[in-house]
Amino acid sequence: MRIVGLTGGIASGKSTVSNLFKAHGIPVVDADIVARNVLKKGTGGWKKVVAAFGEDILLENGEVDRAKLGQIVFSDPGRRQLLNRLLAPFISRGILMEVLKLWIKGCSIIVLDVPLLFEAKMDKWTKPIVVVWVDRKTQLQRLMIRDGSMEEDAKSRINAQMSLDLKRSQADIVIDNTGSLEALQEQFQKVLTQITRPLTWTEFMLSRKGAFMALFSIFVGVAICKRSP
Ligand SMILES: CC(C)(COP(=O)(O)OP(=O)(O)OC[C@H]1O[C@@H](n2cnc3c(N)ncnc32)[C@H](O)[C@@H]1O)[C@@H](O)C(=O)NCCC(=O)NCCS
Ligand SMILES: Nc1ncnc2c1ncn2[C@@H]1O[C@H](COP(=O)(O)OP(=O)(O)OP(=O)(O)O)[C@@H](O)[C@H]1O
């Protein structure tokens, strides 16, 4: 199985790229969705976060007020680290479960869309790593337009992440999303060709087909050994 890492900065265009992967039939595990699920009312993550941050962060219906929690953690690195520490095990487990489901289905190439791939040290599980890069000015503009946020708020969210230039330097493939959506699609076609190349031997052995083939070979080997005098 080939697990492609897709990362970048906030509003750099990961979801836009992951939609292109999905449109080409490549399944995507979205870490933001996993992170939302592990913070739903009554879950283990919710309990830990409410115990640490207090009931003030809850809405009337008991769900976490994401805007309020966001304001707290994106303006205070200590509180953000605490939230990351509390949720990390639940998020990793959630991602692993999604990968397992796709493995069982027999998918041979999947994409992990994880904004904090490097920060959470999940990069070691993915190859190749695709970084969606934009210049800071464009990133800030797109973030403010998309979220309807003020400049200070948007800047604090950008600053909460490892710099995009550093992420770019650790990428196997870089998509420069500073230009138009057409320019993005053009680059995407090249990336698609690269990531859909035939699996390496190791990737094949990690796929469901490869595992079944290995099991079958062992089975046949044992049967032959038993038969021989
Ligand atoms: C703080 C929360 C409640 C704010 O929720 P909100 O709906 O406003 O934002 P959303 O979850 O859609 O995230 C938007 C983007 O913010 C960035 N982001 C989210 N969490 C973090 C974080 N802890 N550190 C840095 N950037 C982050 C990511 O680029 C993400 O794509 C939420 O982001 C959260 O629970 N974060 C902690 C979990 C986490 O690490 N998520 C990232 C998945 S790897
Ligand atoms: N090439 C582009 N030209 C113009 N707008 C773009 C381009 N690429 C993405 N956008 C817009 O920029 C915004 C951010 O993109 P997107 O939501 O894909 O980023 P993201 O990296 O997934 O963000 P997050 O980390 O918050 O999940 C969206 O409103 C999207 O429509």
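Right, let's walk through the structure included here. (Residues numbered from 1 in each chain as written. Chains lettered and ligands numbered in written order. Predicted model: local features only at pLDDT ≥ 70, side-chain atom pairs only at ≥ 80, totals over all residues. Heavy atoms only, no water.)

A few points about the site of ligand 2
Consideration 1: Of all residues adjacent to ligand 2, which total 15 residues, the nearest are Lys14, Ser15, Thr16, Arg146 and Asn177.
Consideration 2: Here a nitrogen atom of ligand 2 sits 2.8 Å away from a polar atom, N or O, in the side chain of asparagine 177.
Consideration 3: Burial of ligand 2 by the protein chains amounts to 76% of its free accessible area of 640 Å².
Consideration 4: Taken together, the elements giving at least two residues each to the shell around ligand 2 come down to α1 (14–23) and α6 (136–147).
Consideration 5: Sorting elements by how many residues they give to the shell around ligand 2 places α1 first, with three residues.
Consideration 6: Split by residue class, the shell around ligand 2 holds three nonpolar, eight polar and four charged. (Near = heavy atom within 4 Å. Polar contact = N/O pair within 3.5 Å; in protein donor to acceptor, adjacent residues only side chain to side chain. Areas by Shrake-Rupley, 256 points an atom, 1.4 Å probe, with all protein chains shown as cover. Helix = DSSP H or I, 4+ residues; strand = E, 2+ residues; numbered from the N terminus. Nonpolar A, V, L, I, M, F, W, Y, C, P; charged D, E, K, R; others polar.)

Describing the sheet that holds strand β2 (residues 28–30)
Consideration 1: Sheet architecture is open: five strands sit in the order β2-β3-β1-β4-β5, paired in parallel fashion. Edge positions in the open sheet fall to β2 and β5 (173–176), since each of these has one partner strand only. Going from strand to strand, the sheet's axes swing by 20° on average, the running direction of each strand aside.
Consideration 2: The sheet contact formed by strand β1 (residues 2–8) and strand β3 (residues 109–113) spans five bridges and is parallel. Across the sheet, residue glycine 5 finds its bridge partner in β3, namely leucine 112.
Consideration 3: The strands touched by helix α9 (residues 181–195) within the sheet are β1, β3, β4 (129–133) and β5, with β5 carrying the most contacts at an inclination of about 165°. (Pairing = 2+ DSSP bridges. Axes fitted to C-alpha atoms, helices over the stretch in contact; angles between N-to-C directions. Contact = heavy atoms within 4.5 Å.)

Details of the nonpolar core
Consideration 1: Judged by nonpolar contacts, the single largest core of 38 residues is most densely connected at Val49, Phe53, Leu69, Ile95, Val99, Ile110 and Leu112.
Consideration 2: In this view, leucine 69 contacts Leu39, Val49, Phe53, Ile57, Val64 and Leu83; residues no more than four positions away in its chain are not counted. (Core = buried A, V, L, I, M, F, W, Y, C linked by side-chain atoms within 4.5 Å. Buried < 20%, exposed > 50% of the residue type's maximum accessible area, 1.4 Å probe, protein only.)

So, helix α3 (residues 44–53)
Consideration 1: By the burial criterion, the buried members of α3 are Gly45, Trp46, Val49, Val50 and Phe53. Projected down its long axis, α3 carries its buried residues within an arc of 125°, all on one side. Turned more than 90 degrees away from the buried face of α3 sit Lys47 and Ala51, all of them exposed.
Consideration 2: Remark: glycine 54 follows α3 within two positions and exhibits a positive phi of approximately 90°. (Arc of directions from axis to C-beta.)

Details of the pairing of β3
Consideration 1: The element β3 is largely enclosed, with a buried count of five among its five residues.
Consideration 2: Every second residue of β3 is oriented toward a common face, with Ile109, Val111 and Asp113 on one face and Ile110 and Leu112 on the other, all of them buried.
Consideration 3: Across three bridges, β2 lies against β3 in parallel orientation. Note on β3: the bridge partner recorded for valine 29 is leucine 112.

Some words on the site of ligand 1
Consideration 1: Close contacts around ligand 1 come from 22 residues, with Asp32, Arg36, Arg66, Asn84 and Gln161 the closest.
Consideration 2: Between arginine 66 and ligand 1, the recorded distance is 2.8 Å, taken from a side-chain N or O atom to an oxygen atom.
Consideration 3: Interatomic distance of 2.7 Å between a side-chain N/O atom of asparagine 84 and a nitrogen atom of ligand 1.
Consideration 4: Where the shell around ligand 1 is concerned, the elements lending two or more residues are α2 (31–37), α4 (66–73) and α5 (77–105).
Consideration 5: Among the elements that make up the shell around ligand 1, the one with the highest residue count is α5 (five residues).
Consideration 6: The residue makeup of the shell around ligand 1, split by class, is 14 nonpolar, three polar and five charged.

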